[in-house]
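Observations on the model geometry
Residues per chain, in single letters:
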Amino acid sequence: MEGPKENTRTVLELFSGIGGMRMALEYAGKPFTIASAIDVNPIANSVYSHNFGDKTVRNGNILSLSGEKITKLKVDTILMSPPCQPFTRNGKFNDINDRRTDPFRHICDLLDKIPLVNFILMENVKGFEKSQACEMYKTRLEQAGFHWQEYILSPHQFGVPNTRHRYYCIAKRKGMDFKWKSEEIIVQPEDRHKTKQASIGTMVEKDQEQLEPYALKSAALLKHLPLMDVCTPESTNSMCFTKAYTHYAEGTGSVYCPLAKQDFDNIYSLAMNAADEDRKIALLQELGVRYFTPKEVARLMSFPEQFSFPGTVTNKQRYRVLGNSINVLVVGTLLQEL
């Protein structure tokens, strides 16, 4: 006899970006329909439409949403990834005084006006948990009849060779239980969700000719390579990729060398001790160091292999929208709470 069928979730995706939350729902294997997906970034929306071929995504202003509109959509699930800049060093930690939090604050004001919604997942940067915005959100959730669980997790903890610590909060109506509950912020996945650590070598493209455009230029090798995090095929981790990847050299994501770690170390050491700059450049070029391609970054963010970009989207735009997205495996794991 078949078990009871799972209810199909009716989902509202806010700050929907390139569809990471939708891909996480697919990863979780939960039946769902997207009632609407809303984002202000037309490039992100074009990537969303390209992959999901439907009309659910719209260039919309979240400030125009009302409790009535959400209720009319018969939505029971909200997934959202609000702008993180107000909670980062680059955004000067302006928190709720930053106008970019206006749409999120508007959602907080609607929480007691959406009676059909019983599940909300929100993602943001690590550090959000210490913000005024986070306190305000939890206060409004409480007033609207929700309880919640907080998490700070990174895909590296799940066996993915990439570090991307993010804050997550799942809210459910009071009376609905959590499968994974703690009084504290959960900072480790359950053992059943951990898998053997994958290596970077399993994630990269092999066609060297197509990869030439991603090679670091001589000036970048000389000036920036000593500051960069270099991955080799056997590496089991990489740095968090940000939207400024390839634009700024430091702290925006790792670069890749196709040589074994030992060979990299030997050649790099020779280069650093070279008698003149020409010899140094020649040795550094032997390393074949390059940026990860957008496709590889998508893999490290656990996007499905069939995910792609429309030809109209430039590499710079691809890195930007990926840097603003989520890790599909981590969110898909959390969506087991549905």
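Everything below is about the structure printed above this text.
Criteria and cut-off values
- Residues numbered from 1 in each chain as written.
- Predicted model: local features only at pLDDT ≥ 70, side-chain atom pairs only at ≥ 80, totals over all residues.
- Heavy atoms only, no water.
- Helix = DSSP H or I, 4+ residues; strand = E, 2+ residues; numbered from the N terminus.
- Rg over C-alpha atoms; globule rule 2.2 N^0.38 Å.
- Buried < 20%, exposed > 50% of the residue type's maximum accessible area, 1.4 Å probe, protein only.
- Contact = heavy atoms within 4.5 Å.
- Areas by Shrake-Rupley, 256 points an atom, 1.4 Å probe, with all protein chains shown as cover.
- Phe/Tyr/Trp six-rings, centres within 6.5 Å; stacked < 30°, edge-to-face > 60°.
- Pairing = 2+ DSSP bridges.
- Axes fitted to C-alpha atoms, helices over the stretch in contact; angles between N-to-C directions.
- Right-handed = clockwise from strand over helix to strand, strands pointing away.

This part takes up the overall build of the chain. Secondary structure assignment for the chain yields 12 helices and 10 strands. Relative to its length of 338 residues, the chain is compact, with a C-alpha radius of gyration of 22 Å against a globular reference of 20 Å. Each principal axis of the C-alpha distribution contributes one length, and for the chain these read about 70 × 50 × 40 Å. The buried share of the chain, reckoned over its 338 residues, is 52%. For the chain, the proportion of contacts with a sequence separation of at least 24, taken over those separated by at least 6, is 74%. In the structure as shown, the chain presents an accessible area of about 16,200 Å², 51% of it carried by carbon and sulfur atoms.

This next bit is on the packing of aromatic side chains. The final tally for this structure, using the stated rule, is 13 aromatic pairs. Here the aromatic rings of Phe-264 and Tyr-268 are separated by 5.6 Å at their centres, their planes lie at 15°, and the arrangement is stacked. With Phe-264 and Tyr-268 both in helix α8 (residues 261–272) and four residues apart, this pair spans about one turn of that helix. For the pair Phe-264 and Tyr-268, one class covers both residues: buried. Centre to centre, the rings of Phe-307 and Phe-309 are 5.2 Å apart; their planes meet at 80°, and the pair counts as edge-to-face.

Okay, the sheet that holds strand β1 (residues 9–14) next. If you walk across this open sheet you meet the seven strands as β3-β2-β1-β4-β5-β7-β6, and the pairing is mixed. Strand pairing shows two members of the sheet lacking a second neighbour, β3 (57–59) and β6 (146–153), which therefore form its edges. Put simply, the sheet's adjacent strands are angled 15° from each other on average, direction ignored. Bridge analysis of strand β5 (residues 119–125) against strand β7 (residues 166–173) gives seven bridges, and the strand direction is antiparallel. Counted as the bridge partner of Asn-124 is Tyr-167 from β7. In the packing of helix α1 (residues 20–28) onto the sheet, contacts are made with β1, β2 (32–39), β4 (77–80) and β5, and the angle to β2 comes to roughly 165°.

Of all eight residues that make up β2, six are buried, and the element is covered over most of its length. As paired strands, β1 and β2 are joined by six bridges and run parallel to one another. Note on β2: the bridge partner recorded for Val-11 is Ile-34. For the crossover from β1 across α1 to β2, the handedness is right-handed. Note: β2 against β3, three bridges, orientation parallel. Its bridge partner lying in β3, Ala-37 is registered against Val-57.

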